[in-house]
Amino acid sequence: MRAWRGLRRAASSALSSGDGAAPGGRPRRRAWETSLSPLERVRRLLPPEEAAAVGRCAAAAQAPLQTSPEEEEKEEAAAPQVPLEAAGARPGSFRAGELALAEVRRKHNTTVKLLFRLVAGSTLASPGGLLPHRDIIGQLPGQVLRTSAGARLLLRRPSLEEYVLLMPRGPTIAYPKDISAMLMMMDIHPGDTVLETGSGSGAMSLFLSRAVGPKGRVISYEIRDDHHNLAKKNYRHWRAAWEIGRMEEWPDNVDFILKDISTAAADMKSLTLDAIVLDMLNPQSALPVVHPSLKQGGVCAVYLANITQVIDLLDRIRTCKLPFLCERIIEVTHRNWLVLPAKIKNCKSSQMVETQENNEEPPQKEYKEIHIQDQVVLKESEYNESLSDDAETYCLVPYVARPSYWQDAHSAFLTKLRKFRPLLS
């Protein structure tokens, strides 16, 4: 340290005496000095008068941006204080009474999802072992916990789509892929009034409730008593769990009515509907009752399982001369894909083999066959052709992409009917 200080003193004395000056009388920057800014470099290239003018201009430009600590404190005190709840912050940890979703990874890249309600004294029984609820309460969503058998569980809050697919069912639900298409068909906005015929298990009611918002209204008719009670129960459980976990209230905007829609003509007279959803066996029997309450240009979305039902519906509209135009008849299909690293014979990922400490090139026979879950065989030539130049920089890991075993194929026909006004003769 003393030697270093002596070296710096000698250098500074040399600079003051002119030994370290660059040609032109300018001091030479030493190795231990800090780097020059672009402005300082320009200033050193200019004559002294012009360099001083440039420095004054730069100081004047930065002056408005510099404030004293006292001024900063005054600005912070004058700024409005936004509460944490108003800023959109939500408590993240799990609480007793709310719904939780556990994901268990199984063989063949499958995932088992378990929906349950958190109770302090209960225990989750999963395929990978037991996990007490008290170990989950207080944890943040997205936490991975181990069961009594050592299996790993991913804990998180369920989405509305997952709750609809895993909640108790009576009749077959309208699947979320179809519900989203029907919501786009009807073009529902917050504040709208929507009629639903066929409450079922309450899946469509929940999505409609979220779409219309707190200022909207959903009127759901159901003819069967068991379906009516189940839809109300599922809707109530979701609202209660949402309020506990999200610290905000889910809108209570669904009116469940136990009644046959074909006998509710008197109830429809006092309503003005923005959209209608028909999820029943014979929707043609409900159209003459509900169409007077639908606004001009409104959409009626019909959910039917068979194409013959669609034909009967359109035939009834034609013979009864109902003011509806059939705009679209669609079915929604999703094709799921799996993209996974290829596996060699010893069931290890090729990425694991390539990243071993001895990065020697494996024998050619190890690349002879690459077995995937569905027994797809890749020969050596196919393996080399499937790798691009970019892939070679990532440890030569081959990936195999193929459609998933389980596909979301046909579930229903969605018919879009729009109410129009006939021409006056």
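Structure first, text after, so check above.
My aim in this report is to walk through the structure given alongside it, one point at a time. Residue numbers here run from 1 along each chain, matching the order of that chain's written sequence. Where local features are concerned, this predicted model is filtered to residues with pLDDT of at least 70; where side-chain atom pairs are given and counted, the filter is 80 or more; whole-chain, interface and lining totals use all residues. The side-chain quantities take in all heavy atoms of the structure and omit both hydrogens and water.

## A short note on the overall build of the protein chain
Helix and strand labels come from DSSP, where a helix needs a run of H or I of at least four residues and a strand needs a run of E of at least two; each type is numbered from the N terminus. Within the protein chain one finds 14 helices and 15 strands. Pairs at least 24 apart in sequence give 64% of the contacts found in the protein chain among residues at least 6 apart. Here the Shrake-Rupley method, with its probe set to 1.4 Å, supplies the accessible areas, and only the displayed protein chains count as covering residues. For the protein chain, the accessible surface area stands at approximately 26100 Å², while carbon and sulfur atoms represent 53% of it. Here, two residues are considered to be in contact whenever any of their heavy atoms come within 4.5 Å of each other.

## Let's talk about the nonpolar core
By nonpolar core we mean a set of buried residues, namely Ala, Val, Leu, Ile, Met, Phe, Trp, Tyr and Cys, connected to one another through side-chain atoms within 4.5 Å. For the exposure calls, accessible area comes from a 1.4 Å probe over protein chains only, and a residue counts as buried if that area is under 20% of its type's maximum, exposed if over 50%, partly exposed in between. If you look at the biggest cluster of nonpolar residues, it comprises 39 residues, and the most contacted ones within it are Val-164, Met-182, Leu-183, Met-186, Ile-188, Leu-208 and Trp-238. Taken together, the elements giving at least two residues each to this core come down to α5 (160-166), α6 (176-186), α7 (203-212), α8 (225-246), β9 (254-258), β10 (273-278) and β11 (294-304). The element best represented in this core is α7, accounting for seven residues. By size, the runner-up hydrophobic cluster in this structure holds 25 residues, among which are Ala-286, Val-302, Ile-317 and Leu-417.

## Some remarks on a nonpolar patch on the surface
Taken together, the side chains of Ile-307, Ile-311 and Ile-329 make up a nonpolar region of the molecular surface, amounting to roughly 260 Å² of accessible area. Position of Ile-311 among the secondary structure elements: in helix α11 (residues 307-319). Residues enter patches when their relative accessible area tops 30% and they take part in no salt bridge; the joining distance is 9 Å for like charges and 5 Å for the nonpolar side chains Val, Leu, Ile, Met, Phe, Trp and Tyr. When a carboxyl oxygen of Asp or Glu is within 4 Å of a side-chain nitrogen of Lys or Arg, the pair counts as a salt bridge.

## Here we look at the pattern of salt bridges
According to the stated counting rule, one finds 13 salt bridges in the structure shown. Glu-162 serves as the salt-bridge partner of Arg-156, at 2.5 Å between the closest nitrogen and oxygen. According to the relative accessible area criterion, Glu-162 is buried, its value standing at 11%. For Asp-226, the salt bridge identified is with Arg-224, shortest N-O distance 2.7 Å. Assessed through its relative accessible area of 39%, Asp-226 is described here as partly exposed.

## A short note on the sheet that holds β11
Following DSSP output, two strands are said to pair if at least two bridges run between them. With respect to topology, seven strands assemble into an open sheet ordered β9-β8-β7-β10-β11-β15-β12, the strand pairing being mixed. Since the sheet does not close on itself, it has two edges, and those belong to β9 and β12 (324-330), each with one partner. Between one strand and the next, the sheet's axes are offset by a mean angle of 15°, whatever the strand orientation. An axis is simply a line fitted to the C-alpha atoms; with a helix, the fit covers only the stretch in contact. Between two such axes, the angle follows the N-to-C directions and lies from 0 to 180 degrees. Set on the sheet, α8 makes contact with β8 (217-222) and β9; between it and β9 the angle comes to about 165°.

## Some remarks on unusual backbone geometry
Within the chain, Met-247 stands out as a residue other than glycine whose phi angle is a positive 60°. When you line up the elements, Met-247 lands in the loop between α8 and β9. The phi dihedral of Lys-321 is positive, around 55°, even though this residue is not glycine. Residue position: Lys-321 is located in the loop between α11 and β12.

## Some details on the environment of Gly-202
Among the secondary structure elements, Gly-202 is positioned in the loop between β7 (193-197) and α7. Sequence spacing of Gly-202 and Pro-168 is 34 residues, and the spatial spacing of their C-alpha atoms is 9.9 Å. With near-sequence residues (within four places) excluded, Gly-202 lies in contact with Met-167 and Ala-231.

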